[in-house]
Amino acid sequence: MRISALADEWWEEWLSAKPRPINTERRYKGILENHIKAGLGGLMISEASVSRLDRFLKAKTKNVGYSSAALARVILRGMMGMAARHGAIMSNPVDSCATIPEPEKAPVAWSLDEIADIRTTLAAWDSGKDKSGRARSSDLSDPCDFMLGTGCRPGEVFALRWADVDLESEPATARIRATVVRDRDFGLTIQEHTKGHKVRILKLPLFVVDMLRRRSETAYTEVVFPSSTGTVRSPDNFRVQWNQALGDVPIVDAMPKVFRSSVGTFVAKTASKDSAQKQLGHSSVTITEKHYIDEGEHGPDLTATLELLNTVKVVSDQNSQ
């Protein structure tokens, strides 16, 4: 059997094992078709030696980056494990391939001044005019304020429905229970669970409450932040519009997800890391610390604590004489 046929067999088994999130399925399928089958599909299973697969994975790491190469390794390991279970090979060659080193990438968080600049620029963009002189119909400022006030992912923001918003409770809350994804046919849809499969009810700050009250007066769809045509809004299109609005601002060198790490960092420093984990909806505080809290370059202010070490006065040479 060739690797391409093994890939198809593995794919059917992987799909039938348990329900998979739509985005995960789409990501796996892309790696399988565009990388593994394209690069190794013509080989016989017996030709997939440790050295050959190791070279393949190292080339992928260099050419397409850590994320895709690491996922390719996961899929290949599953495929070759299947081949070993059926007696096509004696052992899984991927187990002996070198691990793919994860690049060090420190979390980035914007300062309060930078966030103020971004909010000001987005508000001006929304209320401005396009190149033809007509008023823009963009809606960037409000979704970004919701991200800032909650730490939600863009997909979670655009899946938020008015039925999940309670503006009468004290404080007001938003129930985060879904996210926007692309289905198998690459159409936008609301997936009825978040990335972490957990519902979280977030308490909303007043500036977000005021914004939602204003929007509720003219709402015409079940989702809070629809597209310009009233349909489910695409996070990808939002990022394009974001870059158009903020492209000339020097601090904008990352996606809107930095709002999430900015919220995580601010909550961790003013409250606690555990609070940041719960706000962002992570399964562990380790994930929050590693990917969403910018520790900065300054150590904590422990001057008062360290001063306690000065309990014994140093006797000068003059006095000792």
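Residues numbered from 1 in each chain as written. Predicted model: local features only at pLDDT ≥ 70, side-chain atom pairs only at ≥ 80, totals over all residues. Heavy atoms only, no water.

**So, the sheet that holds strand β2 (residues 173-176)**
No. 1: What the three strands build is an open sheet, ordered β1-β2-β5; its pairing is antiparallel. Strands with a single pairing partner mark the edges of an open sheet, and in this sheet they are β1 (165-166) and β5 (200-203).
No. 2: When β2 meets β5, the two strands line up antiparallel, connected through four bridges. Looking at the pairing, Thr173 lines up with Lys203 of β5. (Pairing = 2+ DSSP bridges. Helix = DSSP H or I, 4+ residues; strand = E, 2+ residues; numbered from the N terminus.)

**A few points about the packing of aromatic side chains**
No. 1: Scanning the model with the defined rule gives eight aromatic pairs in all.
No. 2: With 5.8 Å between their ring centres and 25° between their planes, Trp10 and Trp14 make a pair best called stacked. Here Trp10 pairs with Trp14, and both are found in helix α1 (residues 3-17), just four residues apart, close to one helical turn.
No. 3: Judged by relative accessible area, which is 7%, Trp10 ranks as buried.
No. 4: Both rings, one in Trp14 and one in Tyr28, keep their centres 4.5 Å apart while their planes meet at 10°; by these two values the pair is stacked. You can see Trp14 sitting in helix α1 and its partner Tyr28 sitting in helix α2 (residues 22-40), a full 14 residues away along the chain. Both residues of the pair, Trp14 and Tyr28, belong to the buried class.
No. 5: One aromatic cluster in this structure is built from Trp10, Trp11, Trp14 and Tyr28.
No. 6: Between the NZ or CZ atom of Arg136 and the centre of the ring of Trp125, over which it lies, the distance is 3.5 Å. (Phe/Tyr/Trp six-rings, centres within 6.5 Å; stacked < 30°, edge-to-face > 60°. Buried < 20%, exposed > 50% of the residue type's maximum accessible area, 1.4 Å probe, protein only. Lys NZ or Arg CZ within 6 Å of the ring centre and 35° of its normal.)

**A few points about the side chain of Thr173**
No. 1: Its location among the elements puts Thr173 in strand β2.
No. 2: Dropping the residues within four chain positions of it, Thr173 is found in contact with Asp164, Val165, Asp166, Ile201, Leu202, Lys203 and Leu204. (Contact = heavy atoms within 4.5 Å.)

**Description of the pattern of salt bridges**
No. 1: A full pass over the atoms with the stated rule returns 21 salt bridges.
No. 2: Across the salt bridge formed by Asp54 and Lys58, the nearest N and O atoms sit 3.0 Å from each other. Of the two residues, Asp54 and Lys58 both sit in helix α3 (residues 50-64), four residues apart, roughly one turn of that helix.
No. 3: Residue class for Asp54 comes out buried when judged on its relative accessible area of 15%.
No. 4: For Arg161, the salt bridge goes to Glu222, with nearest N and O atoms at 3.9 Å. With Arg161 in the loop between α7 (154-159) and β1 and Glu222 in the loop between α8 (206-216) and α9 (235-246), the pair connects residues that are 61 residues apart, well separated along the chain. (Salt bridge = Lys/Arg side-chain N within 4 Å of Asp/Glu carboxyl O.)

**Overview of the nonpolar core**
No. 1: Among the nonpolar cores identified, the biggest contains 38 residues, and Phe146, Leu212, Phe225 and Phe259 are the most heavily contacted of them.
No. 2: Setting aside residues no more than four positions away along its own chain, Leu212 makes contact with Phe146, Trp162, Val165, Leu167, Leu204, Val224 and Phe225.
No. 3: One finds Trp11, Leu53, Leu76 and Cys97 within the second-largest nonpolar core, a separate group that totals 28 residues. (Core = buried A, V, L, I, M, F, W, Y, C linked by side-chain atoms within 4.5 Å.)

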